[in-house]
Each structure stands twice: as C-alpha cells, then as structure tokens.
Amino acid sequence: MSQMNMIQAINSAHLLMMEKDPSVVVLGEDVGYFGGVFRCTDGLQKKFGEHRVIDAPIAEGGIISTAIGMGVNGLRPVAEIQFADYIYPGFDQIVSELSRLRYRSGGEFFSPVTIRTPCGGGIRGGQTHSQSPEGIFSHISGIKTVMPSNPYDAKGLLISAIESDDPVIFFEPKRIYNGPFDGDPDKPGVSWSTHPMGEVPKGYYNVPLGKAAVVEEGDELTIICYGTIVHVAQAATRLTGVRAEIIDVRTLFPLDIDTLKKSVEKTGRCLVAHEATRFCGYGAELVSSVQQECFWHLEAPIERVTGWDTPYPHAFEWKYFPGQQRIAAGIRKVMEAG
Amino acid sequence: MQSTKELLVAYRSMRTIREFEERMHIEFAKGGVPGFVHLYAGQEASAVGVCANLSGKDVLLNTHRAHGPAIARGADIFAVAKEIYCRGEGLCKGRGGSAHLHDVKSGLWGANSGVGSGVALGCGAALAARNLKTGGVAVALVGDGAVNQGVVSEALNLASIWKLPLVIVFENNGYGEATAVDYAVAGKDLYKRAAAFDMPGVKVDGHDYFAVYDEVRLAVERARAGHGPSIIEAKQIRYFGHFEGDAQTYRPKNEVEQCRQGNDCLKRFRQHVLNENRVEESDLNSIDTEVADLIDRVYKEAKAARFPGEDELMQSIYASEYQG
C-alpha cells in the first residue's frame, strides 16, 4: 500500500496496464512529452516510447476517431480529452461510431477504447473547464460511463475500463484530483494522504464496472451520488445528524440498481445529488429507476439536488454548486415529508 | 501490369456491382426493399480499382453508397443482399442495412453514413497497422460531400504529421446529395487539398479502371513503404439519384445518358482490354452471363430469407449480455 492522490492513482493504472498489455496505447493532447496538463500521463512516453504514448494536435474529433480505428484493429487505446468541455468535436465519433459499431456490425466489430476526461467545476475554470456532461453520454446505448470519487476507485475502475471490451467514457472529477472536497471553498484544501481511499496498492487490482459502493451505512435515508458530491453529501449529512446511507454509484452505466434498491427498501427515503444541470440530468434516471423499483417502500417523494439549469455560471460558481447547505436542505425536506 | 486472370476478376467484380445495382433500382421501384438505398452504378471503376490493390491485411472504409465497395472487397453478395433486405443472415444480421455493411473476414470495416468519418477512423486503422507491424494499409473511400466536414481536415492533418499508411480516395461524383460540387466545394478540385496537408494529390478519370488502378497502386506502395498518406480524386458520375426515388431535378437531363453511351466504365474496360488483346471477348461475355444468373439467384434467395428473431434485438450491444 501507498498513499496516492487521484492523479498518481490514474498514472499508476496506465503504467500497470501498459506493462501488462503491449496493445495498450495512450493518445491525446500533450499526454506524451509534457505528461498531461494534470500530469496523469507523466513519465509514460519516456518509459514506453512515442509509438505507445502519442502526442496529438488539438483535434478532438481526430483523436477519438483515431482511437476508434486503433481499437478496431487490434490495439487497446486510452484517449485523453483534456477537459470534458472539449469532447464535443468528437461527439459524433462517440455516438455514431464507437458506441454503435458492435451492434451495427452484428457483433463482428468492436473497439475497446477508454476515453478519459476531467470533468466538473469548482476550480474557477469558467464555461469551458467546468462542465459535467456525464448524463449526455450515459444516454447513449453501447458505451459505459464511469466517475470515481477517490484514488482507490479511480485506479481500480480505470484498470477495469481499459480491460473492458466495451468502450468506456471515464470522467475524472478534477476538483478532487488532489484531495477530497466537502463543498466549502473557503476551507483550506485537504490532501488524500489522510483519507482511507487515498491508500492505494502499488500493484494490480481492479474495481469492477457496474458495482456501486456503500460509502456510509445508515437506516433513515439513502443518498445516491457520485464524483465530488460524494464528499459533499458526507459533510451535509453530518450537518443534519440524519443517519443517511450514502451510495457512490461509481459506474453510471450500467447502473447497479440492486444496491440502490436494497438501500431504499431499508430506509424508505431517497435523495439524489449531482453537480450537473438538472433537466434530463443523470439524476432523473436515478429517480425514475428508484421510483419504479421501490415505489411501495417510499415514504416521501424522492428529492433531487443538482446544479441549476444554466450554462456554467462562472461568477456564480458556488451558487451553482450543490454544496453542503443545499444538500442539507434537501435532506431535511425528504425527512420532513410524508 | 495485371495478368489476364486479374483483369477478368476485376471485370467480374465491376459487372457484378452493376447488375446488382441495376436490379436493386428495379426492385426498389416495385416496392419491397426496406428503407432507402444509395446506388453505386456508374462508379464501379473506383471501388474495384482500389480493391484490386488491397490484400487481406488491409482495411477498407467507405460511405453510405456501400453496396459497390462491399462487393468489390469480396463480401458475400448473398449476405449483402440479405442485409439490405433486413434479413437475419444478412452481412450484419440485419442490424446495418444498405448504408452500413461491415465484414471482418473480407477486411471491410465498411460504411458509415457520417460521410467523412472514414478518413478519420482510417487514421486509427493505419496507426494500428504500423504499431502492430502488420504491413497493412487503410484506404478510405469518401465522397465529394465529405471534404467539407471538419473531421476530414483534422484527419488529413493527423495522417500527414504521423505519416500514416493511409490512402484517401475522394470519389467525386459531382453532387453531395442534391448540392453540386461547383457550389459546395471551395476551389472545386478536391485533390488540391492535399497540398495544404503536405501530401501528394492527384486527379484521375474515375470511369477509367486502369487510371484508378495505377494511381492507387502508387499510393498503396508509398503507404506500405512508410512514406505516408496520399489523396486521389476520382472524378465520376453516379447513374442514379442520391437515393432511390430522388427526382434528380438538380442534374442536367442528358448527363447520365451521355455517360452511359460514351464514358461507361464497363464499356471502356472492355474496349481497353480487347484493343490490347489482353483477354478473350468470349470470356467477358461468359462473365456477363454468369453474373446475370448470379444476380437472379441472389435476389431470389434474399427475398426468401428469414427475418431476425425478436430474441436478437438486445444482442451485441455490449461484450456481455445486457437486457436493458
């Protein structure tokens, strides 16, 4: 075991998989010589060479389609899109090619591409360095979507994503790359070194796709969340004193409905929280699935706490962000209802 | 120079595409062909001229005008027809349809209707071939309509800076759907875009099998030798509309007829090989007869084939089963 932040954990997953499987290649903007703007691919090109860690120009459509082409023809590419906000030039390639190729070809063609992309706000990055588009991608049949909330899961899930024969969009909440964040921007930052999930094995392990994690056990309320909001929800729960069960879905698609169901059947109350905008957001699917599975166990309407339906609002970043107070208010509302 | 046997193979392939498409035109008008189809008749020289230069380790990508390239690459023509008719034993089990024909065993990555994507996906196929040292090349057949898409420019740049074993063939049939190249493409000459990306670009007569074959051979050799990508613009016309049922109000009335009379790729092929005494006319005539019989059997079998079962709906979305 060693202490790692999320960047080091992601770097370690790359390193191990590239050592283990010569077909694993990495490409993206400044991933090679420079080591990635967030340093996730630091040192890889030096170790594995320019043919396996490929620097690409600013051409996201080209990067993603090249990754697809490599995947179809015997390689296992990990493409980095520097910010999720810049994934859209490659959206057509993801939707029209990557996700559908297996189905369209009757199972003959597939491309085991992993697309890693930092997402989410809270870094004063403005509209093009802050978005949370995970719901858009979770809507597309044929790909899987993942968002870890800590270094241990980040490494284990990334290894599973790379090993998967299905395409995976791997969202990395950049606000928690260096340490957990409880939603209070005025507090000094904390590092992963004191967090139990910052304990990461140096060697190989995996965290399976499609399995949620129960982060905290409780019997009064189920909070379903992922990414940065896991930590905010933990803090918000402490504010209210409610015995909440906090579930980190980790893999957005395929969703581990069994774990959610088991919890809500026990607690009878449910709150869904995410940083992304609300309308047609991923939380809508969570609410719908829980309602369908657990309707007769529910004692109150399911509550949703999310970002507002705005373009990412730079100056109002902390108003937009579903912080401790908003989640705590949501918790109280669910507890008081019914 | 190609052997007599190779020439007969090429002729058979062109004739097969032509007859398949002429019959599809008739069947479509009668009803019974599901959805819509984009026919390749008139353009046979380019797909066949390309594929004659490819081996099993190479990858062909093409567009929605997909029947011709699939047949040229050697996909089972019965499975191609069944795919168009949405049948369970179609090339892609009925999942793809006319505009999406894929076949691993013939090296046909095949068609995508996002018209320029083949160039960009081809970059990855080419990069994989180089990394895995297969000696293979990728060829992207795309239309004139594709050159204006952003991803094509991204891909041409990548192909050039990475010196990829990629050959890009712009099949310029004069119209992107109903919009003429003269209107839609700045500079009009597609091949000239090559200069901006620091790669060779040439224009060939796309109705001349031999011109296409020779230029593609040079480009494939160059790609295999590690010297990077090339662009070939094959100027041609299609004999039918963008899709079947297209009123083609945007075309001069006699455009197709003139080409069929004086510039048809099959007629020109025959003339060329007979003038040079490279094949016997009787062999060409036998191929014509055999192909006509084959096409009869293909359509008969396709129309009688079973549809996929409902249990197949959720298959092959993911590597492992997903039931929704």
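Residues numbered from 1 in each chain as written. Chains lettered and ligands numbered in written order. Predicted model: local features only at pLDDT ≥ 70, side-chain atom pairs only at ≥ 80, totals over all residues. Heavy atoms only, no water.

### Quick look at the overall build of chain B
Broken down by element type, chain B carries 12 helices and 8 strands. In terms of overall size, chain B behaves like a compact globule, its C-alpha atoms giving a radius of gyration of 19 Å where 324 residues would be expected to give roughly 20 Å. Overall, chain B is about 55 × 50 × 40 Å in size when its C-alpha atoms are taken along their principal axes. Put simply, chain B has 324 residues, and 57% of those count as buried. Put simply, 73% of the contacts in chain B that link residues at least 6 apart link residues at least 24 apart. Surface summary for chain B: the accessible area is close to 13,000 Å², and the carbon and sulfur share equals 51%. Counting 37 positive and 42 negative side-chain charges, chain B places the averaged centre of each group 2 Å from the other. (Helix = DSSP H or I, 4+ residues; strand = E, 2+ residues; numbered from the N terminus. Rg over C-alpha atoms; globule rule 2.2 N^0.38 Å. Buried < 20%, exposed > 50% of the residue type's maximum accessible area, 1.4 Å probe, protein only. Contact = heavy atoms within 4.5 Å. Areas by Shrake-Rupley, 256 points an atom, 1.4 Å probe, with all protein chains shown as cover. Lys, Arg positive; Asp, Glu negative; His and termini not counted. Charge placed at Lys NZ, Arg CZ, Asp CG, Glu CD.)

### Some points on the sheet that holds strand β10 (residues 221-225) of chain A
Residues and elements named next belong to chain A. Judged by pairing direction, the sheet is mixed, and its 5 strands sit side by side in the order β9-β11-β10-β13-β14 without closing on themselves. In the strand order of this sheet, the two ends are held by β9 (213-216) and β14 (303-305), each with one partner. Each neighbouring strand pair of the sheet contributes to a mean axis angle of 25°, computed without reference to strand direction. Here strand β13 (residues 270-273) runs beside β14; their pairing, made up of 3 bridges, is parallel. Among the inter-strand pairings, leucine 271 is bridged to a residue of β14, identified as glutamate 303. (Pairing = 2+ DSSP bridges. Axes fitted to C-alpha atoms, helices over the stretch in contact; angles between N-to-C directions.)

### Comments concerning the pattern of salt bridges
Here the structure, examined in full by the defined rule, presents 44 salt bridges over all chains. Ionic pairing is found between arginine 104 of chain A and glutamate 97 of chain A, a salt bridge with its closest N-O pair at 3.1 Å. Judged by relative accessible area, glutamate 97 of chain A falls into the buried class, the value being 2%. One salt bridge in this structure joins lysine 187 of chain A and aspartate 182 of chain A, with 2.4 Å as the shortest N-O distance. Ionic contacts of the salt-bridge type, sharing partners, join the residues Arg15, Glu19, Arg270, Glu281 and Asp288 of chain B into one network. (Salt bridge = Lys/Arg side-chain N within 4 Å of Asp/Glu carboxyl O.)

### Observations regarding the confidence of the model for chain B
Mean pLDDT over chain B works out to 96, with 100% of the residues at or above the 70 mark. The complex model carries a pTM of 0.96, and its ipTM stands at 0.94. (pLDDT = per-residue confidence, 0-100.)

### A closer look at the interface of chain A and chain B
Accessible area lost on assembly of the parts is the figure often given for the size of an interface. Contact with chain A, which involves 42 residues of that partner, is made by 36 residues of chain B. Between chain A and chain B, a total of about 3,100 Å² is buried, with carbon and sulfur atoms accounting for 64% of that surface. Run the count over chain A and chain B and you get 0 salt bridges. Those elements that place two or more of their residues in the side of chain A that touches chain B are β2 (24-29), β3 (53-56), α3 (60-72), α4 (91-98) and α5 (101-104) of chain A. Residue classes in the side of chain A that touches chain B are distributed as 18 nonpolar, 14 polar and 10 charged. (Buried area = accessible area lost by both parts, 1.4 Å probe. Nonpolar A, V, L, I, M, F, W, Y, C, P; charged D, E, K, R; others polar.)

### Regarding the environment of proline 311 of chain A
Mapped onto the secondary structure, proline 311 of chain A falls in the loop between β14 and α11 (317-320). Each C-alpha atom of the pair proline 311 of chain A and threonine 277 of chain A lies 8.6 Å from the other, and the pair is 34 residues apart in sequence.

### Focus: the sheet that holds strand β6 (residues 144-146) of chain A
Residues and elements named next belong to chain A. In space, the 7 strands of this open sheet follow the order β3-β2-β4-β5-β7-β6-β12, with mixed pairing throughout. Since the sheet does not close on itself, it has two edges, and those belong to β3 and β12 (251-253), each with one partner. The sheet shows a mean angle of 20° between the axes of neighbouring strands, direction not considered. Examined bridge by bridge, strand β5 (residues 114-119) and strand β7 (residues 168-173) share 6 bridges and lie parallel to one another. When the bridges of β7 are listed, threonine 114 appears paired with valine 168. Of the strands in this sheet, β2, β3, β4 (76-80) and β5 touch α3, which is tilted by about 170° from β2.

### Things to note about the domain arrangement of chain A
All names here are of chain A. As far as domains go, chain A holds domain 1 (2-176) and domain 2 (210-336). Its C-alpha centre places domain 1 at a distance of 26 Å from the equivalent point of domain 2. Each partner contributes residues to the interface: domain 1 has 25 residues there, and domain 2 has 20 residues. Interface area, domain 1 with domain 2, both sides summed: about 2,000 Å², of which 56% is carbon and sulfur. Broken down residue by residue, the surface that domain 1 buries against domain 2 is led by Arg124, Met147 and Ser149, which jointly contribute 27%. Applying the counting rule to domain 1 against domain 2 returns 2 salt bridges. For arginine 124, the salt bridge goes to glutamate 317, with nearest N and O atoms at 3.8 Å. (Domains from an automatic or database assignment.)

### What about helix α6 (residues 150-161) of chain B?
Between its terminal C-alpha atoms α6 of chain B stretches 17 Å, which fits the 16 Å expected from 12 residues at 1.5 Å a residue. Along α6 of chain B, the residues that are buried comprise Val151, Val152, Ala155, Leu156, Leu158, Ala159 and Ser160 of chain B. Those residues of α6 of chain B that are buried lie in contact with α3 and α4 of chain A together with α5 (117-131), β4 (166-172) and β8 (230-235) of chain B. Looking one or two places after α6 of chain B, you find lysine 163 of chain B, whose phi comes out positive at around 50°. (Expected span 1.5 Å × (residues − 1).)

### Some points on unusual backbone geometry
The linkage connecting phenylalanine 253 of chain A with the following residue, proline 254 of chain A, adopts the cis geometry, with an omega of 0°. Checked against the element boundaries, proline 254 of chain A lands in the loop between β12 and α9 (257-267). Although it is not a glycine, glutamate 177 of chain B sits at a positive phi angle of roughly 55°. Despite not being glycine, asparagine 277 of chain B shows a phi value in the positive range, around 55°. Tracing the sequence through the fold places asparagine 277 of chain B in the loop between α11 (265-275) and α12 (281-304).

### Some remarks on α5 of chain B
In an α-helix, one turn spans 3.6 residues; hence positions three or four apart end up facing the same way. All names here are of chain B. Relative to the 21 Å expected for 15 residues at 1.5 Å per residue, α5 spans 21 Å between its end C-alpha atoms, a close match to the ideal helical length. With 14 of 15 residues buried, α5 lies mostly within the body of the structure. The first or second residue beyond α5 is lysine 133, which carries a positive phi of 55°.

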